[in-house]
Each structure stands twice: as C-alpha cells, then as structure tokens.
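Single-letter residue listing:
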Amino acid sequence: MDKTYLKFEQIGRSFHRGQMTTEVLRDIDLSIDQGEFVSLIGHSGCGKSTLLNILGGLLKSTTGEVFLEGKVVDEPGPDRAIVFQNHSLLPWLTVYGNVTIAVDKVFGGSGAAAKNKAERHDWVMHNLELVQMAQAKDKRPHEISGGMKQRVGIARALAMQPKVLLMDEPFGALDALTRAHLQDSVMDIHARLGNTVMMITHDVDEAVLLSDRVVMMTNGPAATIGEILRIDLPRPRRRLELATDAEYARCRAAVLEFLYARHRVPQRAAA
Amino acid sequence: MPATRANTASIASDVPVPGATAEIVAFRPPVRPVFERLRDAANRFAGIVVPPVIVIGFIIVAWQLLCSAPGSSLPAPSKVIADSWDFIVDPFYDNGGIDKGAFWHLSKSLSRVAVGYSFAAVVGIALGVLVGQSMWAMRGLDPIFQVLRTIPPLAWLPLSLAGFRDAQPSALFVIFITSIWPIIINTSVGVRNIPQDYRNVAAVIRLSWWEVFWKITLPATVPYIFTGLRIGIGLSWLAIVAAEMLIGGVGIGFFIWDAWNSSRISDIIVALFYIGIIGFLLDRLIAFVGNLVSHGVSAQ
C-alpha cells in the first residue's frame with residue numbers, strides 16, 4: 001500500500017436493467033494528494049456523478065476499489081461529505097438546524113472527536129460564518145435564495161470536517177454572478193482550510209479557476225479518464241487578473257480542445 | 001396619479017414622466033395618510049365579506065318565498081327561528097334523558113369523534129409508515145386496504161354491534177374504520193415520496209434507522225399525513241351523525257332522528273346548520289395544526 005491520500009483503482013461500474021447492461025465507467029485510475037483540489041469535467045452522461053457517488057459511498061463500484069488513507073471505501077460517511085447539486089437542505093429545519101443535524105451526529109458521540117453542546121453550537125456558528133450565513137441562521141430554506149442555500153450546503157459539508165469534500169456540480173443551478181461569488185468563497189475557504197476537494201463541473205472556467213488538476217472524462221458508455229491537466233497558476237487566484245493571463249488561456253484552451261474537438265458529444269446524445 | 005406630483009416627490013408614482021427634470025429628494029419610505037390605509041383595509045374586508053353576504057341573503061329570501069305558502073312541507077326560515085327559538089337561545093338546558101340542549105348533543109358527538117379519530121390517527125400513521133417503507137408490507141396489505149376502504153361506514157355498524165355487544169364502542173369503531181383509510185394511504189404515499197436527496201443526506205451523516213425515522217421520515221411526511229388527517233376528520237364527522245341515528249342516546253345524530261319522529265322539522269334544520277359549521281371548524285382546525293407542525297412548508 002503506497003501513501004497516496006485518495007486512490008481510485010481500476011474503478012468500473014455497470015448498470016443492469018432487465019437484459020440490458022450499460023457500462024458507464026471503465027478502468028478509472030486516479031490518485032489525489034491531501035489538500036489537492038481536483039475537478040472532474042466531461043459531457044453530460046459521461047459518468048462523472050457515478051464516480052463521485054462511488055467515492056461518496058452512495059453507489060458501489062462493479063470492479064475496483066477506492067482507498068482513502070489506505071482504507072477501502074464501501075459506505076457513505078461524514079469523512080466524505082457531499083455538497084449536492086440541488087443543495088438538499090431539509091426544508092423543515094432552519095439554516096442552523098440543517099448544519100446542527102450533521103454536527104450533532106458527527107461530533108455528538110463519546111469518541112475522540114466528541115464536542116459538548118456548547119462546543120457544537122460554536123462549531124456550527126463558525127462554519128456558518130465561514131460561508132457568511134451566520135446572520136440568516138434562523139431562516140428556513142424556502143426563505144433564502146438559491147446561492148444562500150448552496151452556501152448552507154457547503155457549511156453543512158465543511159462542518160463534518162471531511163477528509164475529502166465532494167461537490168457535485170455545486171454551482172450548476174445558480175446564475176453567473178452568484179456562481180462567481182460562490183467560487184471566490186470556495187477558493188477562499190480552500191486556501192484557509194486546505195481541504196482535499198473533488199468537484200464535478202461542466203463549466204470550463206470554473207474548472208480551471210478552482211483546480212490544481214482538471215480530470216477530463218471521455219464520453220460514455222464505458223467512459224474513462226481521457227486526460228489530466230495540471231493547472232500551475234499561483235494562488236490566490238483572482239478572476240480579473242487571470243482573464244488576461246497567458247497560462248490561464250492555455251489551460252482553458254486545452255480543456256476546450258479536449259471537450260469540443262476530440263470528444264464531441266456524439267450526435268445521438270446531443271442534448 | 002397627476003403628472004405634476006410626479007415631478008417632485010414621486011415615490012408613490014410608478015409612471016415616470018419622460019423629459020421631466022425631477023428635483024432630487026432624499027428617499028423616505030412612503031407614508032400614506034391614515035384614512036387612506038383605513039379605506040384600503042375596509043375595501044379588502046368588503047371584498048371578502050360582501051359576496052357571501054349577498055349570496056346567503058339571496059338564498060334566504062328565495063327559501064322564504066318558496067316555503068311560505070300555506071301547506072308547504074318544509075318550514076320557511078322565519079318559521080324555523082320561531083319554532084326552534086328555545087333550542088337556539090339556550091344550548092345548555094338539560095331536562096334529563098335525551099331532552100338536552102344543542103351543546104350537550106354536539107359535545108357528546110364531538111367526544112365520540114375525538115376518541116375514534118385519535119385511534120385512527122395513531123394506527124393509521126403507524127400502518128402508513130409501515131406500508132410506505134416496506135415493499136413486502138405494501139404488497140401484502142395494500143389490496144386489503146383498497147377493498148376495505150370502499151365499504152360504507154354504516155355497513156360496519158351491525159358487525160361491530162355484534163362484536164362489541166354495546167352501542168358505545170360500536171360507534172367509536174365506526175368512526176375509527178371510516179377515517180383510518182385516507183390516513184393510511186396518504187401517509188404511505190408521503191413516505192414513498194421522500195426525495196432521494198434526503199436519504200442521501202441521512203446516509204452521509206450516518207443516521208441510525210431510528211434517527212432517520214424521527215428526523216427525516218416523519219417531518220418529510222408531515223404534509224401528506226395532514227392531508228390524510230383532514231380527509232379523515234371530515235369522514236368521521238360524516239360517520240358519527242349516521243351512526244348515532246342508529247345507536248340512539250345523546251348525540252346530534254340521534255337528536256335529528258328524534259326530531260324527525262316528533263315532526264320537529266325546524267329543529268332538524270338548526271341541527272344541520274350546527275353540524276355543517278362544526279364540520280367546517282374541524283377541517284380548519286386540522287389544517288391549522290398541520291400548518292403549524294410543518295412550519296408552513298407544503299408538500300411539493
């Protein structure tokens with residue numbers, strides 16, 4: 001066993017429906033270091049979400065294993081907290097309640113990481129402050145905007161102190177301005193906390209701006225990793241400066257070239 | 001809004017005047033005069049109250065005209081009030097036996113509903129959760145529910161009289177068996193419709209089975225449960241009036257039957273009015289509690 005923090009080894013996944021078998025993923029090999037920010041990009045239906053769900057433990061792989069700190073991942077857990085695309089906040093709980101339900105469960109026991117009630121409250125508030133949502137803690141999800149909901153979703157995931165933070169197209173449902181604002185927040189949080197992050201996106205700029213590496217997936221069926229691009233832009237990154245940066249333009253062009261010249265969406269799957 | 005006002009302090013104006021050079025004023029929230037706000041409130045109130053008053057007035061006049069002919073088989077409203085004046089003004093009299101005021105009849109009927117309906121709510125929600133969560137239980141129980149729920153309430157009464165050998169528990173059983181079906185069915189639909197997202201959240205934070213039930217399943221199902229409870233309370237109020245006609249004793253159902261037997265038609269009409277109002281209030285009560293419990297989050 002090597003010392004890689006997070007390792008996908010020969011991951012494959014097939015779905016069976018009646019007589020039909022669809023192979024979604026094949027031969028995924030990927031190693032991620034601690035503190036790394038990795039984006040998965042590819043066309044719709046290429047199995048990005050399937051791969052993320054396998055890492056999250058919500059789906060089982062058909063072949064291969066995922067190792068986190070040398071241990072096999074085979075069930076969901078707070079060490080791989082997920083930020084869902086549609087925020088998945090519980091509508092009957094307040095903003096505070098949505099984060100607390102996770103914090104109480106993860107830090108409520110009597111283990112080494114346990115916190116008492118006051119500490120848990122402080123920890124919830126700390127994480128809400130991190131995403132600038134502390135002032136809205138008593139609001140319910142239907143009373144706040146889409147961007148704010150996603151901030152709470154991020155706070156809930158961060159509050160679990162995950163070893164890897166999984167983000168499934170976290171900003172896909174947001175308008176461009178809100179999205180840019182949240183991307184800056186995520187970069188800021190990543191700089192402060194040094195989380196290991198795996199994020200799905202289909203936004204080229206988002207991938208290049210946020211990531212240390214961009215993993216580009218080929219089209220399904222039997223999608224696999226087509227290419228991995230290392231983004232060597234210095235941090236902190238500022239979107240305004242990068243707009244005219246030659247290295248940024250080169251990375252962006254490389255991803256676009258991969259997605260639209262070499263791995264176009266096949267005609268039948270155009271959507 | 002006159003254009004001259006739009007030139008100066010045009011906060012209340014929503015029509016900008018092109019080309020007009022507006023004098024710059026500091027923003028202040030528009031404070032409207034008191035009488036204007038009162039007038040608006042009065043208008044809103046009138047908009048809600050006037051239509052039903054007109055319609056009800058029209059119905060009463062038509063009823064009065066239709067039934068005031070001599071030899072009419074049903075009493076006109078004026079005759080109803082004259083005949084039943086004692087019954088209307090003193091709901092609390094008690095001459096022993098079943099000769100009591102409206103309050104005692106209605107409260108007896110309501111207490112029967114409270115008991116039978118409470119049993120139905122508890123058992124119905126429990127069975128609904130079971131059927132919603134377990135495919136096996138659904139396949140086993142759902143066909144039985146679908147058949148039993150079509151049986152009219154009163155058809156159960158002879159069987160329950162035979163089983164309990166007593167009128168009181170039989171009436172409660174009829175309420176129970178009438179109101180339980182919509183509660184079971186709506187609860188099970190609610191449990192089955194819990195979004196996968198909520199289950200994923202529960203899986204990631206590793207809630208135990210019991211915690212999932214308390215913190216996810218029940219709250220996510222509350223809007224559905226209350227839909228079932230609202231249908232159920234309406235049905236049980238329907239059933240109690242019919243059941244009481246047959247079992248006798250104190251209760252608004254038997255009061256109507258007794259009034260019919262002694263040709264007190266006016267009393268029947270007053271009793272129907274009470275039954276309608278109380279059925280409406282029961283429905284609003286359950287809706288209100290449901291809104292309170294689900295924090296205004298309706299079923300999506």
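Look a little higher up for the structure.
As the structure is a computational prediction, the values presented were derived from the model and not from experiment. (Residues numbered from 1 in each chain as written. Chains lettered and ligands numbered in written order. Predicted model: local features only at pLDDT ≥ 70, side-chain atom pairs only at ≥ 80, totals over all residues. Heavy atoms only, no water.)

Q: Would you explain empty space enclosed by the protein in this entry?
A: If a probe as big as a water molecule is rolled over the atoms, it shows which places are left empty. Residue and element names in this part refer to chain A. Scanning the entire structure with this criterion turns up 2 cavities of 30 Å³ or more. Every residue along the wall of the largest cavity is listed here: Phe-37, Ile-154, Leu-158, Leu-165, Met-167, Val-186, Ile-189, His-190, Asn-195 and Val-197. For the lining of the largest cavity, the secondary structure elements donating two or more residues are helix 4 (146-159), strand 7 (164-168) and helix 5 (176-193). Considering every element that reaches the lining of the largest cavity, the biggest residue donor is helix 5, with 3 residues. Among the residues forming the lining of the largest cavity, the class breakdown is 8 nonpolar, 2 polar and no charged. A volume near 40 Å³ is recorded for the second largest cavity. (1 Å grid on protein atoms, 1.4 Å probe; cavity = no way out; pocket = protein on both sides within 12 Å on 5 of 7 lines; lining within 4 Å. Points joined across faces, edges and corners; volume = space filled by probe spheres on them. Helix = DSSP H or I, 4+ residues; strand = E, 2+ residues; numbered from the N terminus. Nonpolar A, V, L, I, M, F, W, Y, C, P; charged D, E, K, R; others polar.)

Q: Explanation requested: the layout of surface pockets in the structure shown.
A: All names here are of chain B. Of the voids in this model, the second largest pocket is the one considered here, and its volume is about 360 Å³. For the second largest pocket, the full set of lining residues is Ile-56, Ile-59, Ile-60, Trp-63, Pro-77, Val-80, Ile-81, Ile-88, Ile-269, Val-270, Phe-273 and Tyr-274. For the lining of the second largest pocket, the secondary structure elements donating two or more residues are helix 2 (34-67), helix 3 (77-83) and helix 12 (265-293). Taken together, the residues of the lining of the second largest pocket sort by class into 12 nonpolar, no polar and no charged.

Q: Can you walk me through a negative patch on the surface in this structure?
A: Residue and element names in this part refer to chain A. A cluster of acidic residues, Glu-9, Asp-27, Asp-29, Glu-65 and Asp-74, forms a negative patch at the surface. Tracing the sequence through the fold places Glu-9 in strand 1 (residues 6-17). Glu-9 gets classed as partly exposed once you look at its relative accessible area, which sits at 31%. (Patch = residues over 30% accessible without salt bridge, like charges linked within 9 Å, V, L, I, M, F, W, Y side chains within 5 Å. Areas by Shrake-Rupley, 256 points an atom, 1.4 Å probe, with all protein chains shown as cover. Salt bridge = Lys/Arg side-chain N within 4 Å of Asp/Glu carboxyl O. Lys, Arg positive; Asp, Glu negative; His and termini not counted. Charge placed at Lys NZ, Arg CZ, Asp CG, Glu CD. Buried < 20%, exposed > 50% of the residue type's maximum accessible area, 1.4 Å probe, protein only.)

Don't take any of this as a statement about function, it's just geometry.
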